[in-house]
Amino acid sequence: MATIIEMPKLSDTMTAGTLITWLKKEGDPVSSGDMIAEIETDKATMELEVFEDGFLLKQLIAAGAQVAVGAPIAAIGEKGEKVEIPEAKAVAPAEKAPAKEDRETEAPIAAQEATIATPPAATTSTSSDSRIKISPLARKIAAEKGINPENIQGSGPNGRILKSDVLAAQKTGGAAMQSASGQTAVATTLSGSPIAEEASIPVSAMRSIIATRLLESKTTIPHFYLDIEVDAGPLITLRTNLNQRLSKEGGTKISITDFIIKAASEALRRVPAVNTSWAGDHIKQHSAVHMAIAVAVEDGLVTPKIENTHLKTLRQISSKVRDIAGRA
């Protein structure tokens, strides 16, 4: 009997995953330790490792499909073995948002029903299904470089065009260049034409979790705003002098962001009443400062955390920011 490979739980908050691409084809031999697919979780894209020897007898879902953790996705065994496909498991409903003190780890993503997709049959393209699937960043780069995305073959889920596809098309010269006027296909004209085709754009797991987190933070955390005006002249002078010295020593330059992180963490250290959070029926006082840094990536935004920021020097903060931004 063939062994059924299920969608693994690759992070604490993962309830479903999207199979981005298959790294092995049906019929290919596999050994323990081989990577057979790329899986997108709510946090990152990771390779799926198998611990069986044999052949990839059956791919049970198509690339681009999203399924629940524990749902069958492939069968591995010896040639000729019978493949019995178990029932698909539905994604469990999302749990009620935990109390603030329990949010040291992020809440699970919104529940979605699992779908076991089969490879789509070839159909004749129509005006409704020929919409170009392209990430916002890739669209922006294509417009800047005068590249027509209609002539680019996307490598993302469901043929979505990514930044890397646009850059590759620029190098090979395979994409048609747009007119020298710089107008794009979605530009507004004087006649009042729509700026873009109206459509429903599918989101990645990362964008889904970003939307969930932003909605949570806005609806579950009390907000109020204070504004003051600060003369940043002395800070700019200090940064310039400091970076001149670091440049002579061969050190890494300090950014304005590093100064802001240091100032914010110092403020929280000096005024601990600000370093608190609302927990529903009480206020939780935090004993340390852990600062999250927003880092833009191709298909969204991630916020890696600098722990114990209040104990770090400016140079330590600068080094840590570069480290986590690079890894993000």
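Structure's up top.
**Q** Please explain the side chain of Asp-258 as it appears in this structure.
**A** On the secondary structure map, Asp-258 appears in helix 5 (residues 256-270). The class of Asp-258 is buried, set by a relative accessible area of 0%. For Asp-258, the contacting residues outside a window of four places in its chain are Lys-253, Leu-314, Ile-317, Ser-318, Val-321 and Arg-322.

**Q** Would you mind showing me how to read the sheet that holds strand 1 (residues 3-6) here?
**A** For sheets, the rule is that strands pair by backbone hydrogen bonds, running either parallel or antiparallel. If you walk across this open sheet you meet the 4 strands as 1-8-6-3, and the pairing is antiparallel. Strand pairing shows two members of the sheet lacking a second neighbour, strand 1 and strand 3 (29-30), which therefore form its edges. Across 4 bridges, the pairing between strand 6 (residues 54-59) and strand 8 (residues 72-77) is antiparallel. Looking at strand 8, one finds that Phe-55 is bridged to Gly-77.

**Q** What am I meant to see in helix 4 (residues 233-249) here?
**A** Residues lying three or four places apart along an α-helix face the same way, a consequence of the helix completing one turn every 3.6 residues. End to end, helix 4 covers 25 Å across 17 residues, agreeing with the expected 24 Å (1.5 Å per residue, within 8%). Elements in contact with the buried residues of helix 4: helix 5 and helix 6 (314-327). Following helix 4 by one or two positions, Gly-250 adopts a phi angle in the positive range, close to 80 degrees.

**Q** So what exactly am I meant to see when it comes to the nonpolar core here?
**A** Here is a general trend for soluble globular proteins: nonpolar side chains tend to be buried in one another's company. Residues Trp-22, Ile-36, Leu-48, Ile-61 and Ile-73 are the most contacted members of the largest nonpolar core, which totals 19 residues. Where this core is concerned, the elements lending two or more residues are strand 2 (16-22), strand 4 (35-40) and strand 8. With near-sequence residues (within four places) excluded, Trp-22 lies in contact with Ile-36, Ala-37, Gln-59, Ile-61, Ala-62, Ala-63, Ile-73 and Ala-74.

**Q** So what exactly am I meant to see when it comes to the pattern of salt bridges here?
**A** Should the charged atoms of two oppositely charged side chains come close, the side chains can pair. A full pass over the atoms with the stated rule returns 8 salt bridges. As a salt-bridge pair, Arg-270 and Glu-266 come within 2.8 Å of each other at their nearest N and O atoms. Within this pair, Arg-270 and its partner Glu-266 are both found in helix 5, separated by 4 residues, close to a single helical turn. Among the residues examined, Arg-270 registers a relative accessible area of 62% and is labelled exposed. Here Asp-323 makes a salt bridge to Lys-320, at a shortest N to O gap of 3.9 Å. Taken together, the positions of Asp-323 and Lys-320, both in helix 6 and 3 residues apart, correspond to about one turn of that helix. Among the charged side chains, a salt-bridge network with shared partners connects Glu-266, Arg-269 and Arg-270.

Conventions we followed
Each chain has its residues counted from 1, following the order in which its sequence is written. Reporting of local features is limited, given that this is a predicted model, to residues whose pLDDT is at least 70; pairs of side-chain atoms are given and counted only at 80 or more, and all residues count toward the totals for whole chains, interfaces and linings. Side-chain metrics rest on all non-hydrogen atoms present in the structure, leaving aside hydrogens and water. Helix numbers and strand numbers start at the N terminus; a helix is a DSSP run of H or I with at least 4 residues, a strand a run of E with at least 2. Each residue gets one of three labels from its accessible area relative to the maximum for its type: buried under 20%, exposed over 50%, partly exposed in between, using a 1.4 Å probe on protein chains only. Between two residues, a contact is recorded if the distance between any of their heavy atoms is within 4.5 Å. Strands qualify as paired when DSSP identifies two bridges or more between them. In this scheme, a helix's expected span is set at 1.5 Å multiplied by one less than its residue total. Within this scheme, the nonpolar core is defined by two criteria: the residues are buried Ala, Val, Leu, Ile, Met, Phe, Trp, Tyr or Cys, and they are joined through side-chain atoms within 4.5 Å. Salt bridges, as used here, are contacts in which a Lys or Arg side-chain nitrogen is within 4 Å of a carboxyl oxygen on Asp or Glu.

These figures capture arrangement, not role.
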